[in-house]
Amino acid sequence: AEVRKPALPPCHAAGLPNSCRPSGMANATPQTVFFKRSHFATHLPADALYSPSHYWLIREPDGVWRVGFSKFAVRMLGDLVDQGFDVAEGAAIRPGTVLGWIEGFKAISDVYGVIDGTFRGGNPALKGRLELINEDPYGAGWLYRAAGEPDRNCLPVSDYVNLLHATIDRMLAQQKDAPPDTAP
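Note that the structure is predicted; figures quoted are calculated from it, not measured.

Rules behind the numbers
- Chains are numbered independently. Their residues run from 1 in the order of the written sequence.
- Residues qualify for local features only when their pLDDT is at least 70, as the model is predicted, and side-chain atom pairs are given and counted only at 80 or more; totals for whole chains, interfaces and linings, by contrast, use all residues.
- As a rule here, side-chain values cover all heavy atoms of the structure and leave hydrogens and water aside.
- As used here, the term nonpolar core means buried Ala, Val, Leu, Ile, Met, Phe, Trp, Tyr and Cys residues forming a set that is joined through side-chain atoms within 4.5 Å.
- Per-residue accessibility, obtained with a 1.4 Å probe over protein chains only, is compared with the maximum for each type, and a residue is labelled buried under 20%, exposed over 50%, and partly exposed between these values.
- Secondary structure elements follow DSSP: runs of H or I no shorter than four residues count as helices, runs of E no shorter than two count as strands, and numbering proceeds from the N terminus.
- Residue contacts follow a heavy-atom distance rule, with two residues in contact if any of their heavy atoms lie within 4.5 Å.
- pLDDT expresses how confident the predictor is about each individual residue, on a scale running from 0 to 100.
- By definition here, a helix of n residues has an expected span of 1.5 Å times n minus one.
- Here the arc refers to the directions that run from the helix axis out to each C-beta atom.
- Strand pairing requires that DSSP identify at least two bridges connecting the strands.
- For every element, the axis is a line fit to its C-alpha atoms; helices are fit only across the contacting stretch, and the angle between N-to-C directions ranges from 0 to 180 degrees.
- For this document, the term salt bridge refers to a Lys or Arg side-chain nitrogen within 4 Å of an Asp or Glu carboxyl oxygen.

*Asks:* Quick rundown of the nonpolar core? Include the residues and the values.
*Replies:* Counting residues in hydrophobic clusters, the biggest one holds 24 residues, and the most contacted among them are Phe69, Ile115, Ile133, Leu143 and Tyr144. If you list the elements that add at least two residues to this core, you get strand E4 (55-59), strand E5 (65-69), helix H2 (71-77), strand E8 (98-104), strand E10 (115-122), helix H3 (131-135) and strand E11 (144-150). Non-local contacts of Ile133, meaning those with residues more than four positions away in its chain, are made with Phe69, Val74, Leu80, Ile102, Leu126, Gly141 and Leu143. Listed in part, the 15 residues of the second largest apolar core include Trp56, Tyr160, Val161 and Leu164.

*Asks:* Mind laying out the confidence of the model for the chain, listing which residues take part and the relevant values?
*Replies:* Taken as a whole, the chain shows an average pLDDT of 82; of its residues, 80% reach a score of 70 or greater. Within the model, pLDDT remains below 50 along residues 1-29, and this stretch shows 32 contacts once partners closer than five positions in the same chain are excluded.

*Asks:* Can you explain helix H4 (residues 157-177)? Please cite residues and give values.
*Replies:* Between the first and last C-alpha of H4 there are 30 Å, a value that for 21 residues agrees with the 30 Å anticipated at 1.5 Å per step. Taken together, the buried positions of H4 are occupied by Val157, Tyr160, Val161, Leu164, Thr167 and Ile168. Relative to the axis of H4, the buried residues are bounded by an arc of 125° and lie together on one face. In H4, those exposed residues whose orientation departs by more than 90 degrees from the buried face are Lys176 and Asp177.

*Asks:* Help me get a handle on the sheet that holds strand E6 (residues 80-85), residues and values and all.
*Replies:* Across the sheet, three strands lie side by side as E6-E8-E9; this open sheet has antiparallel pairing. The open sheet has two edge strands, E6 and strand E9 (108-112), and neither has a second partner. Neighbour-to-neighbour, the strand axes of the sheet open up by a mean angle of 20°, direction not taken into account. Looking at chain direction, E8 and E9 are connected through five bridges and run antiparallel. Counterpart to Glu103 in the pairing with E9 is Ile108.

*Asks:* Run through the sheet that holds strand E7 (residues 92-93), naming residues and quoting values.
*Replies:* A sheet is described by the order of its strands in space; here seven strands give the open sequence E7-E10-E11-E5-E4-E3-E12, paired in antiparallel fashion. With one partner strand each, in any of the chains shown, E7 and strand E12 (155-156) form the two edges of the open sheet. In this structure, E7 lies alongside E10, joined through two bridges in antiparallel fashion. Opposite Ala92, over in E10, you have Thr118 as the bridge partner.

*Asks:* Outline the side chain of Gln83, supporting the account with residue identities and numerical values.
*Replies:* With respect to the secondary-structure elements, Gln83 resides in strand E6. Setting aside anything within four residues of it in sequence, one finds Gln83 in contact with Trp101, Ile102, Leu126 and Leu130.

*Asks:* With reference to specific residues and values, describe the pattern of salt bridges.
*Replies:* Enumeration according to the criterion identifies five salt bridges in this entry. With a closest N to O distance of 2.8 Å, Arg66 and Glu60 form a salt bridge. Side by side, Arg66 and Glu60 carry an identical accessibility label, which is buried. Of the charged contacts, one joins Glu60 and Arg145 as a salt bridge, the two residues approaching to 2.6 Å between their closest N and O atoms. Of this pair, Glu60 sits in the loop between E4 and E5 while Arg145 sits in strand E11, and the two are 85 residues apart along the sequence. Summarising the burial analysis for this pair, Glu60 and Arg145 share the class buried. Through salt bridges with shared partners, a single ionic network connects Glu60, Asp62, Arg66 and Arg145.

This is the structure we're talking about:
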């Protein structure tokens, strides 16, 4: 019989053992990976998957996925002013399907599916309380629920950290190469 070593928590497997928060009590904060780069910092849930388009996904006990914007995506949108879904609960969705939209002071963006399955509805707590997305993007500010399988391009937290580094590198390079502001 093969002897297997116990799996390391995702934050240890990511090479970031000091960034884990203990869990174990019912109301305890889940383990996270701390990420800080340039002027951006966040605690990423270690048990979530992340899409290259900066959504997070966590499987709930009933097997349905809860999906939201990562803190990085929220920062790019700025303060939010309106949001809506264009698909009905129970509709079939696929990764890349436009499910709705979100409007921030900095940008208007489509909300995409990152699950191949069935749309289970938007977060009712967001009605009139869009600030929850900015205040608690990995908790009360989730966007929608969906049953099915995650997009095959979704990443574990360690790979999402690498994606964030690459994304911020590109942003910093663009800022460096941008012509100086010539406004009077």
